[in-house]
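Here is how the chains run, residue by residue.
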Amino acid sequence: MRPVAVIGTGKTQFGAFPDRTLRSLAVEAGRACLEDARVPPSQVEAFFLGNFAGPSFAGQNHLAPYVGSALGIVGVPATRIEAACASGGSAFFHAFSSVAAGLYDLVLVIGVEKMTSQPTPRVAEILAGAGDLAGEIKAGATFPALFAMIARRHMYQYGTRREDLAAVAVKNHANGAKNPYAHMRKVITLEQALAGKLVAEPLTVYDCSLVSDGAAAVLLAPAERASEFTARPAIVAGIAQTSDRVALDEKEDITTFPAVKKAAEKAYRMAGAGPADIEFAELHDCFTIAEIIALEDLGFVKPGEGGPYSSAGCTALAGPKPVNASGGLKSKGHPVGATGVAQICDVVAQIRGEAGELQLPRHSLGLAQNLGGSGATAVVTVLRGA
Amino acid sequence: MKVYTETVVHSAPEAFLKDAPYQIAIVVRDDGSRVTGRILGERVAIGDSVELVESRDGVPYFQKARSS
């Protein structure tokens, strides 16, 4: 296996864009990425598209060649990867694998989702397709409901407080307000977060990530060739994708995601680094409780300590372990298939020192964690400066 | 049978709009296995004992056990 580098990134604004199509968003991000690395589309040797539910949201299937050809990428493998909310991370993992294995040199990854063309109850139904339709979903669960049940159990087992969940939302909104690409650039208070409209008890709208349109792209190359394309490559130091059961009621302990733990262990081992070495992270805060559990599963804190750690400000921009400097899924937005790729873009921007107002002082070793469904897919990536 | 976790769903999917708000729970059966079902009547909390009322279309409906 040979070392792999991210040599280019590109993304669109995240938001609600009624007059944009899935393809136009994906093409915009892909083109920005190729221009960033100064690579013409004709040199791309393989293309992976992370997309969760394009066929349901937009009716279009066969999405990878549909998007690739619009970018000028033809005659090469063009493959769509679906892994629920980890579709983007999984597409990145498979692109990485193909470069690491020596199959190709220049591989493009685009993550995209166009969600806002459907009314909220229909969006909830499409997203529910990432759960167990024959069990939990049939009983009336939605994704917010699954994470609400996770939150209830975490609160019961560890004493995590409503305020701890709200603190995650307040912090991510404070960060996202400074991110020009974010969907909701709005600062919120703890009182607002606590008094939000209930979605699934105890979660309010402020505990839930946004329904967004958007795309993100990265270009991978063997590390030994990175200097041909960029002065500031980011090296994929460690990466792993893992799986688990889809249904929440088949898991032994729902206050932890074993797939995340396992992926983290593998990625840390590959990177020769541990949780204490990670300087900053982009975590999958599809719901506030998910960020708290991610802190625990990644080993940043012990089980049960994610809530107090968040409330104490340890994950804020100025804290010892900044998490979701980008605003996270909560404020930046969560165009499902784009999320895992956007996380990589945001970590790379920090490593390159291009994060603007959100630039962190320590930015040489970062981590991205992408979660699918209620934990059935996890992708953890450790990136470092060259 | 006891409640392992629960939530009251306010923002329902298309198919259950007319039911909202409604409570769902993961219930631990006496043999230790778990199932996700609906709660009828009085709201329940983690640790509460529940009993099966009926199964409709493969979905179990529980209510708070009268003895608890």
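Note that the structure is predicted; figures quoted are calculated from it, not measured.

1. Considering the interface of chain A and chain B
In this assembly, 26 residues from chain A lie in contact with 25 residues from chain B. Contributions of two or more residues to the side of chain A that touches chain B are made by helix 5 (120-128), helix 6 (143-158) and strand 5 (198-200) of chain A. It is helix 6 of chain A that contributes the most residues to the side of chain A that touches chain B, 7 residues altogether. Counted by class, the side of chain A that touches chain B contains 15 nonpolar, 3 polar and 8 charged residues.

2. Focus on the nonpolar core
Residue and element names in this part refer to chain A. Core analysis: the largest hydrophobic core is formed by 155 residues, its most contacted members being Val-109, Ile-110, Val-218, Leu-220 and Val-341. In terms of residue count, helix 13 (residues 336-352) provides more of this core than any other element does, 10 residues in total. If you count residues domain by domain, this core takes at least three from each of domain 1 (4-119 + 212-234) and domain 2 (123-210 + 236-385). Residues contacting Val-218, with those up to four places away along its chain left out, are Val-6, Gly-8, Thr-9, Cys-33, Phe-92, Val-109, Val-341, Ile-344 and Cys-345. Phe-14, Tyr-181, Ala-182 and Leu-210 belong to the second largest nonpolar core, which has 5 residues in total.

3. Focus: the environment of Arg43(B)
Residue and element names in this part refer to chain B. Along the chain, the position of Arg-43 falls in the loop between strand 3 (34-39) and strand 4 (50-56). The spacing of Arg-43 and Thr-7 is 36 residues in sequence and 9.5 Å in space, taken between C-alpha atoms. Those residues in contact with Arg-43, other than ones at most four positions away along the chain, are Val-8 and Gln-23.

4. Let's talk about helix 7 (residues 162-176) of chain A
All names here are of chain A. For helix 7, spanning 15 residues, the distance from its first C-alpha to its last is 21 Å, which sits close to the expected 21 Å at 1.5 Å a residue. For helix 7, every residue scored as buried is listed here: Asp-164, Leu-165, Ala-166, Ala-167, Val-168, Ala-169, Val-170, Lys-171, Asn-172, His-173, Asn-175 and Gly-176. The secondary structure elements touched by the buried residues of helix 7 are helix 6, helix 8 (190-194), helix 10 (288-297), helix 11 (306-311) and helix 12 (328-331).

5. Some points on the domain arrangement of chain A
A common way to state how big an interface is: give the accessible area lost once the parts meet. All names here are of chain A. Under the domain assignment, chain A is made up of domain 1 (4-119 + 212-234) and domain 2 (123-210 + 236-385). The C-alpha centroid of domain 2 is placed 22 Å from the C-alpha centroid of domain 1. Residue-level contacts link 42 residues of domain 1 with 39 residues of domain 2. Put simply, the parts of the chain that give the side of domain 1 that touches domain 2 at least two residues each are strand 1 (4-11), helix 2 (54-58), helix 4 (87-100), strand 4 (107-114) and strand 7 (213-222). At 8 residues, the largest contribution of residues to the side of domain 1 that touches domain 2 is made by helix 4.

6. Thoughts on the pairing of strand 4 of chain A
For a regular strand, side-chain orientation follows a simple rule: the groups alternate between the two sheet faces. Residue and element names in this part refer to chain A. Counting buried positions along strand 4 yields 8 of 8 residues, so the element is predominantly enclosed. In strand 4, alternate side chains face the same way, and those of Val-107, Val-109, Gly-111 and Glu-113 on one face and Leu-108, Ile-110, Val-112 and Lys-114 on the other are all buried. Pairing geometry for strand 4 and strand 7, over 8 bridges, is antiparallel. Within strand 7, the residue paired with Glu-113 across the bridge is Gly-214.

7. Re the sheet that holds strand 1 of chain A
Residue and element names in this part refer to chain A. In spatial order, the strands read 3-2-4-7-1-8-11-10-9; together these 9 strands make up an open sheet with mixed pairing. Each end of this open sheet is capped by a strand with a single partner; those strands are strand 3 (78-81) and strand 9 (280-282). Going from strand to strand, the sheet's axes swing by 25° on average, the running direction of each strand aside. The pairing of strand 2 (residues 46-50) with strand 3 spans 4 bridges and is classified as parallel. By the bridge assignment, Leu-49 is partnered in strand 3 with Arg-80.

8. Describing the packing of helix 1 (residues 22-37) of chain A against helix 3 (residues 63-71) of chain A
Residues and elements named next belong to chain A. It is the contact of helix 1 with helix 3, at a shortest axis distance of 9 Å, that shows an interaxial angle of 50°. Taken together, the axes of helix 1 and helix 3 lie oblique to each other. When you trace helix 1 past helix 3, the crossing you get is right-handed. Here helix 1 contributes Arg-23, Ala-26, Val-27, Gly-30 and Arg-31 to the contact with helix 3, which in turn contributes Tyr-66, Val-67, Ala-70 and Leu-71. Split by residue class, the contact of helix 1 with helix 3 holds 6 nonpolar, 1 polar and 2 charged.

9. Quick look at the packing of helix 7 of chain A against helix 10 of chain A
All names here are of chain A. At a minimum axis separation of 8 Å, helix 7 and helix 10 run at an interaxial angle of 95°. One element, helix 7, and the other, helix 10, form an angle in the roughly perpendicular class. For the pair formed by helix 7 and helix 10, the contact residues are Asp-164, Leu-165, Val-168 and Ala-169 on the first element and Thr-288, Ile-289, Glu-291 and Ile-292 on the second. Residue composition of the contact of helix 7 with helix 10, by class: 5 nonpolar, 1 polar and 2 charged.

The rules behind the values
- Residues numbered from 1 in each chain as written.
- Chains lettered and ligands numbered in written order.
- Predicted model: local features only at pLDDT ≥ 70, side-chain atom pairs only at ≥ 80, totals over all residues.
- Contact = placed C-beta atoms within 7 Å.
- Helix = DSSP H or I, 4+ residues; strand = E, 2+ residues; numbered from the N terminus.
- Nonpolar A, V, L, I, M, F, W, Y, C, P; charged D, E, K, R; others polar.
- Core = buried A, V, L, I, M, F, W, Y, C linked by C-beta atoms within 7 Å.
- Buried ≥ 20, exposed ≤ 12 C-beta atoms within 10 Å, placed from the backbone.
- Domains from an automatic or database assignment.
- Expected span 1.5 Å × (residues − 1).
- Pairing = 2+ DSSP bridges.
- Axes fitted to C-alpha atoms, helices over the stretch in contact; angles between N-to-C directions.
- Parallel < 35°, antiparallel > 145°, perpendicular 65-115°, else oblique.
- Left-handed = near helix turned anticlockwise from the far one by under 90°.

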